[in-house]
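# Structural overview for review
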Amino acid sequence: MAKESKRAIYPGTFDPITLGHLDIIKRGCKIFDEIVVAVAKNKEKNPMFSFEKRVEFVKKATRDLPKIKVIGFEGLLVDLSDEVDSNIIIRGLRAVSDFEYELQMGYANASLKKDLETIYLMPSLQYAFISSSIVRAILKYRGEVKHLVPKEILKDLKCM
Ligand code: PNS
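An account of the accompanying structure is given in this report. (Residues numbered from 1 in each chain as written. Predicted model: local features only at pLDDT ≥ 70, side-chain atom pairs only at ≥ 80, totals over all residues. Heavy atoms only, no water.)

To continue, consider the site of the ligand. Surrounding the ligand, one finds 13 residues, the nearest of these being Thr13, Lys45, Leu77, Arg91 and Tyr101. For the ligand, an oxygen atom lies 2.5 Å from a polar atom in the side chain of Thr13. One of the side-chain N or O atoms of Arg91 is found 2.8 Å from an oxygen atom in the ligand. For the shell around the ligand, the element with the most residues is helix H4 (residues 96–112), which contributes 3 residues. Here the residues of the shell around the ligand sort into 6 nonpolar, 5 polar and 2 charged. (Near = heavy atom within 4 Å. Polar contact = N/O pair within 3.5 Å; in protein donor to acceptor, adjacent residues only side chain to side chain. Helix = DSSP H or I, 4+ residues; strand = E, 2+ residues; numbered from the N terminus. Nonpolar A, V, L, I, M, F, W, Y, C, P; charged D, E, K, R; others polar.)

Encoded structure:
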């Protein structure tokens, strides 16, 4: 029986991508044939890094992962799901504190497109405390982030 190829979308602001994000991406690679990592423009979140830089950082961090395609997007996730022809969204879930936000977003997306499924993956315990906002807070004061972000983007972050 021919196996149908399974594609999922991993959306986020990635401001910047962290080792926690990368852990979720690698877990997703064990389940799916292709993962479209979709970097949201998210102007309303006032990102620290430009849209172009965030896309570039995700590309650099995932360049050795053959199942990954990186794109930037603006607009609704449900529209992107039509464009890339995938009804599966991956989101990372670290702690109870993430749950409320994820629940609301998952239901909002499902209300717009009933076929959309969101699956939640937990990162390894060692990455459970990492968030882009922690990384930004440390970077602001020129602190060490090498244990928090992919090595491929470390130089770029330090030059900013
Ligand atoms: O990494 P983040 O900031 O938690 O990711 C949030 C993201 C990009 C998944 C969310 O902002 C999003 O889906 N943006 C697209 C707009 C959209 O579809 N909104 C409706 C669902 S709330």
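Here the structure, examined in full by the defined rule, presents 2 aromatic pairs. On the basis of an interplanar angle of 75 degrees and a centroid distance of 5.4 Å, the ring pair of Tyr10 and Phe14 is categorised as edge-to-face. Residue Tyr10 is classed as buried on the basis of its relative accessible area of 5%. With relative accessibility at 1%, the residue Phe14 sits in the buried group. Measuring from centroid to centroid gives 5.5 Å for Phe49 and Phe57, while their planes differ by 70 degrees, and the two rings are edge-to-face. For Phe57, a relative accessible area of 0% gives the class buried. (Phe/Tyr/Trp six-rings, centres within 6.5 Å; stacked < 30°, edge-to-face > 60°. Buried < 20%, exposed > 50% of the residue type's maximum accessible area, 1.4 Å probe, protein only.)

What follows concerns the environment of Glu102. Examined against the element boundaries, Glu102 turns out to sit in helix H4. With residues up to four places along the chain from it excluded, the contact list for Glu102 reads Arg91, Gly92, Leu93 and Tyr120. Within the structure, Glu102 has its side chain in polar contact with the side chain of Arg91 (distance 2.8 Å). (Contact = heavy atoms within 4.5 Å.)

Below, the discussion takes up the packing of helix H2 (residues 51–61) against helix H6 (residues 151–158). The interhelical angle for the contact between H2 and H6, taken along N-to-C directions, is 145 degrees, at an axis separation of 7 Å. Here Glu56, Phe57, Lys60 and Ala61 of H2 come into contact with H6, specifically with Glu152, Ile153, Asp156 and Leu157. For the contact of H2 with H6, the residue count by class is 4 nonpolar, no polar and 4 charged. (Axes fitted to C-alpha atoms, helices over the stretch in contact; angles between N-to-C directions.)

The next thing to look at is the pattern of salt bridges. Considering all chains together, one arrives at 13 salt bridges under this definition. Across the salt bridge formed by Asp82 and Lys113, the nearest N and O atoms sit 2.6 Å from each other. You can see Asp82 sitting in helix H3 (residues 77–83) and its partner Lys113 sitting in the loop between H4 and strand E5 (117–121), a full 31 residues away along the chain. Given a relative accessible area of 15%, Lys113 falls into the buried group. Ionic pairing is found between Glu102 and Arg91, a salt bridge with its closest N-O pair at 2.8 Å. Taken as a pair, Glu102 in helix H4 and Arg91 in strand E4 (residues 88–92) lie far apart in primary sequence, 11 residues in all. Summarising the burial analysis for this pair, Glu102 and Arg91 share the class buried. A network of salt bridges, in which partner residues are shared, links Lys53, Glu56, Lys60 and Asp156. (Salt bridge = Lys/Arg side-chain N within 4 Å of Asp/Glu carboxyl O.)

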